[in-house]
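# Observations on the model geometry
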Amino acid sequence: MGGYGWISLTTDYGTFDGFVAACHGAIARIAPDVRVIDVTHHVPPADVPRGAAVLAQTAPHLPSSVHVAVVDPGVGTSRRGIAIATPGGILVGPDNGVLIWAAEALGGVDEVAELSNDKWFLGDVSRTFHGRDVFAPAAARIASGAALSDAGPSVDPGTLVRLPDPVVSVGDGWLEAEVMTVDRFGNVQLAAGGELLAGLSNDLLVSGNVRAHRGTTFQDVDTGDLLVYEDSAGRVAIAVNGGRAVVVLSVRPGDLVRLTQR
């Protein structure tokens, strides 16, 4: 019987309460030899697109794993719990879009099962804590070698909830894209792939009035200046050398940012 030696956890639970520890405990009770990687537990509360983006950009760099993502404002409702098999691992979580981008990053959807086998659950399932009672136990069982077909009925991949595709538009001498994430350093990541920077000059304007320079490292611009670059996830990003681009630009995820040549 196969299985996985690793489980990753991505949630909006934070680390001030016992939620994460309870998920670790649920895994350890079923699969004590499986190791757990905490991707992050500081996704902004209920921010499904941010959780989806973080997981998609991280999962390909982890060992082959069962990846649990719980950013779940619909917990306790009729939304499905699912497990998705991909060439690069298994994804477990709510059917609200949080898993889809990671599934694509791991090679695409091979198989989907609905988590409906109550023998897989942890005791009486709380209506507000499926991370502990449904998703962590399911991940532990899959990591221990259980088949997805034992989790519940097969799901047509075409019925899975998808997040809207982020906006990316390109023209002659300009690029407009949606803000995907803002990291703890204040760097602003756009939805556009980094290869699109090749169509722009080195001297740019951000949002029509903020001067920036295209480069590859933070030291390519003077302290306090704006840098437009391809980040470690292969996306267009904006930083300030020694500062916080998010403050300079006053943007947040979902906003549109336009880059134009000077």
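A short tour of the structure in this document, coming up. (Residues numbered from 1 in each chain as written. Predicted model: local features only at pLDDT ≥ 70, side-chain atom pairs only at ≥ 80, totals over all residues. Heavy atoms only, no water.)

### Digging into the nonpolar core
Proteins that are soluble and globular tend to have nonpolar side chains buried together. This is how the line gets drawn: Among buried residues, those of type Ala, Val, Leu, Ile, Met, Phe, Trp, Tyr and Cys that are joined through side-chain atoms within 4.5 Å constitute a nonpolar core. Note on classification: 1.4 Å probe, protein chains only; a residue is buried when its accessible area is under 20% of the maximum for its type, exposed when over 50%, partly exposed between these limits. Helical segments are the DSSP runs of H or I of at least four residues, strand segments are the runs of E of at least two, and each set is numbered from the N terminus. Residues count as neighbours in contact if any of their non-hydrogen atoms are within 4.5 Å of one another.
Ile7, Val66, Val68, Ile90, Val92, Leu115 and Ile142 are the most contacted members of the largest nonpolar core, which totals 31 residues. For this core, the elements supplying multiple residues, two or more each, are β1 (6-11), α1 (19-30), β3 (65-70), β4 (81-86), β5 (89-94) and α4 (130-143). When neighbours within four sequence positions are excluded, Val66 is seen to be in contact with Tyr4, Trp6, Ile7, Ser8, Ile90, Val92, Ala139, Ile142 and Ala143. Ala53, Ala56, Val112 and Leu160 belong to the second-largest nonpolar core, a separate cluster that totals 25 residues.

### Here's the deal with the packing of α1 against α4
Put simply, the test is: The angle between two axes is taken between their N-to-C directions and runs from 0 to 180 degrees, where each axis is a line fitted to C-alpha atoms and a helix contributes only its stretch in contact. The cut-offs work like this: below 35 degrees is roughly parallel, past 145 is roughly antiparallel, 65 to 115 is roughly perpendicular, and the gaps in between are oblique. Crossings are classed by handedness, with left-handed meaning an anticlockwise turn of the near helix from the far one by less than a right angle and right-handed meaning a clockwise turn.
The N-to-C vectors of α1 and α4 enclose an angle of 40°; their axes lie 8 Å apart at closest approach. The angle between α1 and α4 places the two elements in the oblique class. Read as a crossing pair, α1 and α4 show a hand that is right-handed. Contact with α1, carried on its side by Ala22, Cys23, Ala26, Ile27 and Ile30, involves Gly131, Arg132, Ala136, Pro137, Ala140 and Arg141 of α4 and no other residues of that element.

### Focus on the sheet that holds β3
Note the threshold: A pair of strands counts as paired when DSSP detects no fewer than two bridges linking them.
Strand order across the open sheet formed by six strands is β2-β1-β3-β5-β4-β6, with mixed pairing between neighbours. With partners counted over all chains shown, the strands left at the sheet margins are β2 (35-40) and β6 (111-114), one partner each. If you compare each strand with its neighbour and ignore which way they point, the axes differ by 20° on average. Sheet topology places β4 next to β6; four bridges connect them, and they run antiparallel. Considered in β6, the bridge of Ile84 is made with Val112. Of the strands in this sheet, β1 and β2 are in contact with α1, which crosses β1 at around 155°. Taken strand by strand, helix α2 (residues 48-58) contacts β1, β2, β3 and β5, and its axis lies near 125° from that of β2.

### Here's the deal with the side chain of Thr11
Put simply, the test is: For the purposes of these results, a polar contact is taken to be a pair of N or O atoms within 3.5 Å, where, inside protein, one atom must be able to donate a hydrogen and its partner to accept one; residues adjacent in sequence count only when each atom of the pair is a side-chain atom.
Structurally, the position occupied by Thr11 is in strand β1. Classification of Thr11 by relative accessible area gives buried; the value is 2%. Polar side-chain contacts of Thr11 include one of 2.7 Å to the side chain of His41. What Thr11 contacts, discounting residues up to four positions off in sequence, is Val20, Thr40, His41, His42, Val43, Val70 and Val71.

### Some remarks on the packing of aromatic side chains
Operational definition: Here the aromatic set is Phe, Tyr and Trp, taking the six-membered ring for Trp, and pairing holds for ring centres within 6.5 Å; pairs whose planes are under 30 degrees apart are stacked, those over 60 apart are edge-to-face, and all others are tilted. Remark: a charge is flagged as sitting over a ring if the NZ atom of Lys or the CZ atom of Arg is within 6 Å of the ring centre and within 35 degrees of the ring normal.
Summed over all chains, the structure comprises four aromatic pairs. Seen in terms of ring centroids, Tyr13 and Phe19 are 5.7 Å apart; in terms of plane orientation they differ by 55°. Their pairing is tilted. Phe19 sits in the partly exposed class, given a relative accessible area of 36%. An aromatic cluster is defined as three or more aromatic residues linked by ring pairs; in this entry it consists of Tyr13, Phe19 and Phe129. The ring of Phe185 has Arg184 lying over it, and the distance from NZ or CZ to the ring centre is 5.6 Å. Positioned above the aromatic ring of Trp174, the side-chain terminus of Arg258 is 4.1 Å from the ring centre.

### Section: the pattern of salt bridges
Rules: Whenever Lys or Arg places a side-chain nitrogen within 4 Å of a carboxyl oxygen from Asp or Glu, that contact is recorded as a salt bridge.
A full pass over the atoms with the stated rule returns six salt bridges. A salt bridge links Arg80 to Asp95; the shortest N-O distance between them is 2.8 Å. Remark: Asp95 occurs in the loop between β5 and α3 (100-105) and Arg80 occurs in the loop between β3 and β4; sequence separation between them is 15 residues. Relative accessible area serves as the criterion here: at 7%, Asp95 is assigned to the buried category. Between Glu176 and Arg258 there is a salt bridge whose closest N-O contact spans 3.7 Å. Separated by 82 residues along the polypeptide, Glu176 in strand β8 (residues 174-182) and Arg258 in strand β14 (residues 256-261) bring together distant segments of the chain. Taking the relative accessible area as the measure of exposure, Arg258 reaches 32% and is therefore partly exposed.

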